[in-house]
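# Survey of secondary and tertiary structure
As a plain string of letters, each chain reads:
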Amino acid sequence: MYQLYIFDLDGTILNTLDDLAASTNAALAMHHFPEITVDEVRRFVGNGIGLLIERAVPQGTDAKVTASVLEDFKKHYKIHCADRTKPYDGIMDMLMTLKQRGCKLAVVSNKADFAVQELCRDYFPNVFDFVVGEREGIRQKPCPDSVNEVLRCLNTDRKDALYIGDSDVDIETANNAQMDILSVSWGFRDVAFLNAHGAKRIIDRPEVLLDI
């Protein structure tokens, strides 16, 4: 059994898609840009909110305007990040079982750190031993910096840790951190996409993780 389980947030333990789409479209509307669909947001997420907004604004948008849209997104999302967000079915039971077994639990996300902290505090109070999101001066996933920080702070060898995520970014992150990866099929990427991007094992229900 692994001693430490490191989870991605969006698409892995929390379904945040509707709130991400709402805040993206609210920010776009403030600048009179056309809305995008929820499926487009699904494809655009995974590399942080900066890239989400760069992909959402019309092609050729001035960098200063894009930065302004990003700031408007942050302001809206700070207030509305939990309007429709909820844990995926079975996630809480799985996390609590791991915790009862004495395992350490962590979250590493490319979402802005303020949102990661708030969402984990609201939806998973006292569950995780370490939670970290996107911060200035720290390289985002798929760079292993935040994962290595978790391993160091929780005093765990990487061979005793498992990384769990729903995207190609998560697969790359685990590979860059030289640790085991488990992909999930219920998030923002489907099984065919995950297999095409090097998934080593994919599960379709949270409780399956408990038998690994």
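Source: prediction; values computed, not measured.

### Notes on the overall build of the chain
Within the chain one finds nine helices and eight strands. The C-alpha radius of gyration computed for the chain amounts to 17 Å, which stays within 12% of the reference 17 Å derived for 212 residues, consistent with globular compactness. The buried share of the chain, taken over its 212 residues, is 53%. Expressed as a percentage of contacts within the chain between residues at least 6 apart in sequence, the contacts between residues at least 24 apart total 66%. Only carbon and sulfur atoms are counted for the fraction: they give 47% of the accessible area of the chain, which is about 9,900 Å². Positive and negative side-chain charges of the chain, numbering 24 and 33 respectively, have mean locations separated by a distance of 4 Å.

### Regarding the side chain of Ser23
Assignment of secondary structure puts Ser23 in helix α1 (residues 17-30). Overall, the relative accessible area of 0% leaves Ser23 in the buried class. Other than its neighbours up to four places away in sequence, Ser23 contacts Phe73, His76, Tyr77 and His80.

### Some points on helix α7 (residues 145-153)
Along α7, the residues classified as buried are Ser146, Val147, Glu149, Val150 and Leu151. Looking at the buried residues of α7, the elements they touch are β1 (4-7), β4 (104-112), β5 (130-134), β6 (161-165) and α8 (168-176). Backbone geometry just downstream of α7 places Asn155 in the positive-phi region, at approximately 50°.

### Looking at the sheet that holds β4
Strand order in the open sheet formed by six strands is β5-β4-β1-β6-β7-β8, with parallel pairing between adjacent strands. A strand with exactly one partner marks an edge of an open sheet, and here the two such strands are β5 and β8 (202-203). Contacts from helix α5 (residues 91-100) reach β1 and β4 within the one sheet, and its direction differs from that of β1 by about 155°.

### As for the pairing of β4
Counting buried positions over the nine residues of β4 gives eight, a clear majority of the element. As paired elements, β1 and β4 share four bridges and run parallel to each other. Note that in β4 the partner of Ile6 across the bridge is Ala106. In the sheet, β4 pairs with β5 via four bridges, with the strands oriented parallel. Each residue of the ladder has a partner; that of Ala106, found in β5, is Phe130. With helix α6 (residues 113-123) bridging β4 and the parallel β5, this β-α-β connection has right-handed handedness.

### Side note on the packing of α1 against helix α4 (residues 63-80)
In contact at an axis separation of 8 Å, α1 and α4 are set at 135° when each is read in the N-to-C sense. As judged from the angle between their axes, α1 and α4 are oblique. As α1 runs across α4, the sense of the crossing is right-handed. For the pair formed by α1 and α4, the contact residues are Asp19, Leu20, Ala22, Ser23, Thr24, Ala26, Ala27, Leu28 and Met30 on the first element and Val69, Asp72, Phe73, His76, Tyr77 and His80 on the second. Residue composition of the contact of α1 with α4, grouped by class: nine nonpolar, four polar and two charged.

### Considering the pairing of strand β7 (residues 180-184)
Burial analysis of β7 places four of its five residues in the buried class, the great majority of the element. Note that β6 and β7 share four bridges and pair parallel. Pairing of Ile164 across the sheet is with Leu182, part of β7. Tracing the backbone out of β6, into α8 and back to the parallel element β7 gives a crossover that is right-handed. Pairing of β7 with β8 involves two bridges; the strand directions are parallel. By the bridge assignment for β8, Ser183 is matched with Ile202.

About the cut-offs
- Every residue gets a number counted from 1 within its own chain, in the order that chain's sequence is written.
- Residues qualify for local features only when their pLDDT is at least 70, as the model is predicted, and side-chain atom pairs are given and counted only at 80 or more; totals for whole chains, interfaces and linings, by contrast, use all residues.
- Values reported for side chains reflect all heavy atoms of the structure, with hydrogen atoms and water molecules removed beforehand.
- Helix and strand assignments follow DSSP, with helices taken as H or I runs no shorter than four residues and strands as E runs no shorter than two, numbered in order from the N terminus.
- The atom set for the radius of gyration is the C-alpha atoms, and the globule formula is 2.2 Å times the number of residues raised to the power 0.38.
- Residue burial is assigned from relative accessible area. The probe radius is 1.4 Å, only protein chains are included, and a residue is buried under 20% of its type maximum, exposed over 50%, and partly exposed in between.
- When checking whether two residues touch, look at their non-hydrogen atoms; a contact exists if any pair is within 4.5 Å.
- Computed with the Shrake-Rupley method and a 1.4 Å probe, the accessible areas treat only the protein chains shown as cover for residues.
- The sign given to each residue is positive for Lys and Arg and negative for Asp and Glu; His and the chain ends receive no count.
- Charge placement uses NZ in Lys and CZ in Arg. For Asp and Glu, CG and CD serve respectively.
- Criterion used throughout: strands pair if DSSP finds at least two bridges between them.
- Between the N-to-C directions of two axes lies an angle of 0 to 180 degrees, each axis being a line fitted to C-alpha atoms and, for a helix, fitted only over the stretch in contact.
- The crossover handedness rule: strands pointing away from the viewer, path from first strand over the helix to second strand clockwise, crossover right-handed.
- In this scheme, roughly parallel covers angles under 35 degrees and roughly antiparallel covers those over 145, while 65 to 115 is roughly perpendicular and the rest are oblique.
- Should the near helix be turned anticlockwise from the far one by less than a right angle, the crossing is left-handed, and should it be turned clockwise, the crossing is right-handed.
- Three classes are used, and their members are as follows: Ala, Val, Leu, Ile, Met, Phe, Trp, Tyr, Cys and Pro are nonpolar, Asp, Glu, Lys and Arg are charged, and the others, Gly among them, are polar.

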